[in-house]
Amino acid sequence: MAIYQATASAPVNIACIKYWGKRDTKLILPTNSSLSVTLDQDHLRSTTTSRADPSFEKDRLWLNGSEEEIKDGGRLATCIREMKSLRREVEQKNPNEPKLSSFAVHICSRNNFPTAAGLASSASGFAALVSSLAALYKLPATPSQLSLISRQGSGSACRSLFGGFVAWKMGSASDGSDSLAVEVAPQSHWPDIHALICVVSDDKKGTSSTSGMQRTVETSPLLQHRIKHVVPERMNAISEAILAKDFDTFARITMQDSNQFHAVCLDTDPPIFYMNDVSRAIIALVTEYNRLSVENGGKLKAAYTYDAGPNAVIYAPKENLKEIISMVVKYFPQAEPFKDPFGLFGAQSVGAGSVV
Ligand code: ADP
Ligand code: DP6
Ligand code: CO
């Protein structure tokens, strides 16, 4: 009896221009385009194994060892249905292929970092899910085609189908067919950029990204200004900065956009607070570090960004990392870089390029 099984991993991606807001909650179509850096596979990642078998009675999924319900019409069910439908096309073209699309699947996934803590587990999670099913079903799909499906699991997941610098084009089609991820530049274009992840708290966040952004869309006037008058220009400017390897501009826009995203959360009614005092102290530290450099005629040396949680991601050229890590350890003595990446304020160094 043949065994039909495949395993795939996907890394997290951390946005420089944040996605926050849906114009279509079912298809997960965003109110603005976004842009992110996908981290190395070797660090924060989801690993997912999918198996199809005629003896399975229904589709089931285990996340970090506990079974998650696959709700009818929910995001997991949508992704699995879409992948089975692509498999059906393969079977129709090649009648010798086993009819895997008619079998139920069992899916088992693990994250090697805190889940639902603002470190983009939904991004790596749904990207790994779609990638493992694509491997199981031997689909001839491109990363952009798969991004259309992972987007319907979690918006940010569409960007984890690519490595390096990735844009999610918001698109304009009402069926979502042009709302997909595209590569801006591969990791090899600018391997000097590294990401330092500072785990301030690994607690599950109080307000999920999904419900938080929905409330923002319903109540925040600042969001309307952001999506119309701020993001389109920033998308162009940061893409150009990446292509030109201009860290100064990349850093400035990344920090501005993180700040505006959290301002939009505060402008939500009732307000949402994702950052805490430690997050804000890290902002102050990076700001001071950059100020000293600029005052001495230099350029920006580091850029902080925060997703929907208190944990900091600091992007910096490799030459500054040692200095940044020692500064973080000095001002946050409880930090234990490299030893306990997920303890209180453990700092882990990962690169969009190689490990530091
Ligand atoms: P995060 O900031 O970690 O992305 P979200 O609130 O956006 O937090 O999403 C967390 C949810 O994503 C989890 O509760 C779970 O439903 C889903 N998720 C996380 N990891 C995986 C995974 N490996 N496979 C499938 N779904 C996952
Ligand atoms: C702040 O992709 O997790 O990380 O589409 O509802 O699953 P859903 O939300 P999600 O939101 C991510 C928000 C963000 C910014 C970003 O990654 O662009
Ligand atoms: Co998420």
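Residues numbered from 1 in each chain as written. Chains lettered and ligands numbered in written order. Predicted model: local features only at pLDDT ≥ 70, side-chain atom pairs only at ≥ 80, totals over all residues.

**Focus on the site of ligand 2**
So, point 1. Every one of the 15 residues lining ligand 2 counts as a neighbour, but Ala-15, Tyr-19, Ser-154, Gly-155 and Ser-156 are closest to it.
So, point 2. Residue composition of the shell around ligand 2, by class: six nonpolar, seven polar and two charged. (Near = placed C-beta within 6 Å. Nonpolar A, V, L, I, M, F, W, Y, C, P; charged D, E, K, R; others polar.)

**Examining the site of ligand 1**
So, point 1. Around ligand 1, the structure places 22 residues, and the nearest of them are Ser-109, Ser-121, Ser-122, Gly-125 and Ser-209.
So, point 2. Elements that contribute at least two residues to the shell around ligand 1 include exactly β9 (104-111) and α2 (121-136).
So, point 3. It is α2 that contributes the most residues to the shell around ligand 1, six residues altogether. (Helix = DSSP H or I, 4+ residues; strand = E, 2+ residues; numbered from the N terminus.)

**Some points on the confidence of the model for the chain**
So, point 1. Across the chain, pLDDT averages 92, with 94% of residues at or above 70.
So, point 2. Every residue in residues 338-356 scores below 50 in pLDDT, and together they form 64 contacts with partners more than four places removed in sequence or on other chains. (pLDDT = per-residue confidence, 0-100. Contact = placed C-beta atoms within 7 Å.)

**Quick word on the sheet that holds strand β6 (residues 45-53)**
So, point 1. Read across the sheet, five strands follow the order β1-β6-β9-β7-β8 without closing on themselves; strand pairing throughout is mixed. Looking along the sheet, the strands with just one partner apiece sit at the ends: β1 (4-11) and β8 (66-68). Going across the sheet, the axis of each strand differs from the next one's by a mean of 20°, ignoring polarity.
So, point 2. Sheet topology places β1 next to β6; eight bridges connect them, and they run antiparallel. Counterpart to Ala-6 in the pairing with β6 is Ser-50.
So, point 3. The strands that α2 touches are β1, β6 and β9; relative to β1, the one it contacts most, it runs at about 150°. (Pairing = 2+ DSSP bridges. Axes fitted to C-alpha atoms, helices over the stretch in contact; angles between N-to-C directions.)

**Some remarks on the pairing of strand β13 (residues 303-306)**
So, point 1. Because side chains alternate across β13, one face comprises the buried residues Ala-303 and Thr-305, and the other comprises Tyr-304 and Tyr-306, equally buried.
So, point 2. In terms of strand pairing, β13 meets strand β14 (residues 312-317) through four bridges, oriented antiparallel. Of the residues in β14, the one forming a bridge with Thr-305 is Val-313.
So, point 3. Linking β13 to β14, which pair antiparallel, is a turn of five residues. (Buried ≥ 20, exposed ≤ 12 C-beta atoms within 10 Å, placed from the backbone.)

**A few points about helix α8 (residues 318-331)**
So, point 1. Between its first and last C-alpha atoms α8 spans 21 Å; for 14 residues at 1.5 Å apiece the expected length is 20 Å, and the two agree.
So, point 2. Regarding α8, the residues found buried are Ile-324, Ile-325 and Val-328. Each buried residue of α8 lies within a common arc of 100° when the element is viewed along its axis, so the set occupies one face. Exposed and oriented more than 90 degrees from the buried face of α8 are Glu-319, Lys-322, Ser-326 and Lys-330. (Expected span 1.5 Å × (residues − 1). Arc of directions from axis to C-beta.)

**Re unusual backbone geometry**
So, point 1. With an omega of -10°, the peptide bond between Asp-269 and Pro-270 qualifies as cis.
So, point 2. With respect to the helices, strands and loops of the structure, Pro-270 is situated in the loop between α6 (247-266) and α7 (277-295).
So, point 3. Located in the positive-phi region is Ile-28, a residue other than glycine, with phi close to 55°.
So, point 4. Relative to the elements of secondary structure, Ile-28 occurs in the loop between β3 (22-24) and β4 (29-30).
So, point 5. Residue Lys-245 is not a glycine yet carries a positive backbone phi of 55°.
So, point 6. The residue Lys-245 is located in the loop between α5 (221-243) and α6 in this model.

**Things to note about the environment of Ser-101**
So, point 1. Note that Ser-101 resides in the loop between α1 (75-93) and β9.
So, point 2. Overall, the presence of 18 C-beta atoms within 10 Å leaves Ser-101 in the partly exposed class.
So, point 3. It is 40 Å that separates the C-alpha atoms of Ser-101 and Ala-195, two residues lying 94 residues apart in sequence.
So, point 4. If we skip the residues at most four places from it in the chain, Ser-101 touches Lys-84, Arg-87, Arg-88 and Glu-91.

**Looking at the sheet that holds strand β5 (residues 34-38)**
So, point 1. Strand order in this open sheet of four strands is β2-β5-β10-β11, and the pairing throughout is antiparallel. Both edges of this open sheet fall to β2 (13-17) and β11 (181-185), since each of them pairs with a single strand only. Geometrically, the sheet is characterised by an average inter-axis angle of 35° between neighbouring strands, direction not taken into account.
So, point 2. Pairing of β5 with strand β10 (residues 164-168) involves five bridges; the strand directions are antiparallel. Among the inter-strand pairings, Ser-34 is bridged to a residue of β10, identified as Trp-168.

**Examining the environment of Thr-254**
So, point 1. Structurally, the position occupied by Thr-254 is in helix α6.
So, point 2. If near-sequence neighbours (up to four positions away) are discounted, Thr-254 is found in contact with Cys-16, Ala-303, Thr-305 and Tyr-315.

**What to know about the packing of α5 against α6**
So, point 1. Across the interface, α5 lies against α6 with an axial gap of 10 Å and an inter-helix angle of 160°. The orientation of α5 with respect to α6, classified from their angle, is roughly antiparallel. Seen along the crossing, α5 lies across α6 with a hand that is left-handed. Of the residues in α6, those in contact with Leu-222, Leu-223, Arg-226, Val-230, Arg-234, Ala-237, Ile-238, Ala-241 and Ile-242 of α5 are Thr-249, Phe-250, Ile-253, Asp-257, Gln-260, Ala-263 and Val-264. (Parallel < 35°, antiparallel > 145°, perpendicular 65-115°, else oblique. Left-handed = near helix turned anticlockwise from the far one by under 90°.)

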